[in-house]
Amino acid sequence: ASLLALTDGFDLPGDDLLVRIALRFDATLLLARDPWRDDLPLRGFVRLRDAEHASIRAVYVGRRERSRYRSATHAREASLQARFHAVGWRIGMLDERDGRASLLRAFGLPA
């Protein structure tokens with residue numbers, strides 16, 4: 001049997017479960033990228049709401065913060081790819097504009 005998982009990578013189970021899934025199924029992950037991965041559109045003073053606690057605070061977002069955000073999102077994506085690869089999953093990146101092509105690329109097929 002095959003399993004296709006689509007996720008942004010937050011709140012994932014432990015690696016032991018991922019290994020058991022990969023041993024039982026032909027497991028494929030389509031990782032949804034952060035839509036602001038390459039260019040955080042926030043500039044200047046902005047109000048941000050914490051997704052977990054709903055608290056709001058004002059922060060300054062300048063060139064340095066946008067650069068740090070870009071670096072962190074790329075590092076997180078690479079870490080998730082390495083994690084799933086290490087436990088035996090096939091990995092692809094989800095392009096929200098073309099899910100079909102994303103799936104084909106994950107399987108090494110022409111899009």
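Residues numbered from 1 in each chain as written. Predicted model: local features only at pLDDT ≥ 70, side-chain atom pairs only at ≥ 80, totals over all residues. Heavy atoms only, no water.

Caption draft 1: Region of the structure containing the environment of Ile-21. Tracing the chain through its elements places Ile-21 in helix H1 (residues 15–24). Spatially, the C-alpha atom of Ile-21 lies 9.0 Å from that of Gly-88, the residues being 67 residues apart in sequence. If we ignore the near neighbours within four places in the chain, the residues touching Ile-21 are Leu-3, Ala-27 and Trp-89. (Helix = DSSP H or I, 4+ residues; strand = E, 2+ residues; numbered from the N terminus. Contact = heavy atoms within 4.5 Å.)

Caption draft 2: Looking closely at the packing of aromatic side chains. Under the criterion given, the structure shown has two aromatic pairs. When the centroid spacing of 5.1 Å and the interplanar angle of 80 degrees are considered together, the rings of Phe-84 and Trp-89 count as edge-to-face. The same class applies to Phe-84 as to Trp-89, namely buried. The positively charged end of Arg-76 is found above the aromatic ring belonging to Phe-10, 3.7 Å away from the centroid. (Phe/Tyr/Trp six-rings, centres within 6.5 Å; stacked < 30°, edge-to-face > 60°. Buried < 20%, exposed > 50% of the residue type's maximum accessible area, 1.4 Å probe, protein only. Lys NZ or Arg CZ within 6 Å of the ring centre and 35° of its normal.)

Caption draft 3: Spotlight on the layout of surface pockets. A volume near 470 Å³ is recorded for the largest pocket. What lines the largest pocket is a set of 15 residues, among which Leu-42, Leu-48, Arg-49, Val-59 and Tyr-69 lie closest to the centre. At the level of elements, strand S3 (44–49), strand S4 (56–61) and helix H2 (63–86) are the ones that each hand at least two residues to the lining of the largest pocket. At four residues, S4 tops the list of elements feeding residues into the lining of the largest pocket. Residues that form the lining of the largest pocket fall into these classes: nine nonpolar, no polar and six charged. (1 Å grid on protein atoms, 1.4 Å probe; cavity = no way out; pocket = protein on both sides within 12 Å on 5 of 7 lines; lining within 4 Å. Points joined across faces, edges and corners; volume = space filled by probe spheres on them. Nonpolar A, V, L, I, M, F, W, Y, C, P; charged D, E, K, R; others polar.)

Caption draft 4: Layout of the sheet that holds strand S1 (residues 2–7). Strand order in the open sheet made by the three strands is S1-S2-S5, with parallel pairing throughout. What marks the edges here is a single partner per strand, and that holds for S1 and strand S5 (90–94). For this sheet, the mean inter-axis angle between neighbouring strands, taken without regard to orientation, is 20 degrees. When S1 meets strand S2 (residues 26–32), the two strands line up parallel, connected through six bridges. By the bridge assignment, Leu-6 is partnered in S2 with Leu-30. Running over the sheet, helix H3 (residues 99–106) touches S1, S2 and S5 and is turned about 155 degrees from S5. (Pairing = 2+ DSSP bridges. Axes fitted to C-alpha atoms, helices over the stretch in contact; angles between N-to-C directions.)

Caption draft 5: Region of the structure containing the side chain of Arg-37. Structurally, Arg-37 is set in the loop between S2 and S3. Relative accessible area serves as the criterion here: at 13%, Arg-37 is assigned to the buried category. Those residues in contact with Arg-37 that sit more than four places away from it in its chain are Arg-70, Thr-73, His-74 and Glu-77.

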